[in-house]
Structures are given as structure tokens and as C-alpha cells.
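Here is how the chains run, residue by residue.
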Amino acid sequence: GSEHGGAVYWIVGSLSGTQPGFDASGVHVPLNVDAWTSVTLTQPNQGPLSASLGSLDAQGRASAALSLPANTDPALIGLQADHACVVLASWMAAAVTNPVRVTITP
């Protein structure tokens, strides 16, 4: 919401589910830490992620995308990944969204 307008956000992901999740700066992040979590934390705004780290607009909104290249291995079809948006204050987690599940489709 607008109470977070202008704040920094970071989209974080997991391939291993949402329970039990982890705590960051006293905020519970509903994602299990795995290799995809590391990628989303260490390579924001790089393919296949775009706009995964940035600033929220005045209404506290932003848009991000996950876009795989055309030559992606077909074995990934059906893979599910959960993502949540962590809102930062002074680079510390201040709030987090509910997780959103993304399924890779052809």
C-alpha cells in the first residue's frame, strides 16, 4: 500500500515451497531457502528476472517479470516456483507480501 510508497522492494524466490520459510530482520518470509533463493538475491534484475529489485511507486506498487528464453529446456515445463516481495527500509526487511506461485508453461 501507499504506506510503503517509494520504498525499495526485492522479489525473492524458492523452488522448495513456502513452509516453514525464514525470518529476516524480524519479518517472516514465507519461502524456503534454496538455490533459486540465492539466484534471486545475488542476481536481481538479470535474466530471467526483470524489475526484481527497484522502488515502489507512490501507491506502493511495482511490476516484475520472469521470462525464460525460447531455447529453455522443455524438462522445465510444469516446474513451480514461489516468490514474495520483501519491502526494505534501510536495506532491512520491513514487510513482505504473501507468496505467489509461478508455473513454467510452454
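Structure report, in brief. (Residues numbered from 1 in each chain as written. Predicted model: local features only at pLDDT ≥ 70, side-chain atom pairs only at ≥ 80, totals over all residues. Heavy atoms only, no water.)

Attention shifts here to unusual backbone geometry. The peptide bond linking glutamine 19 to proline 20 adopts the cis configuration, its omega dihedral lying at 10°. Residue placement: proline 20 occurs in the loop between β1 (8–14) and β2 (22–24). Along the chain, glycine 47 connects to proline 48 via a cis peptide bond; the corresponding omega equals 5°. Along the chain, proline 48 turns up in the loop between α1 (35–42) and β4 (49–50). One non-glycine residue, serine 25, lies in the positive phi region at around 55°. With respect to the helices, strands and loops of the structure, serine 25 is situated in the loop between β2 and β3 (27–29). (Helix = DSSP H or I, 4+ residues; strand = E, 2+ residues; numbered from the N terminus.)

Note that all results are geometric; they support no functional claim without further evidence.
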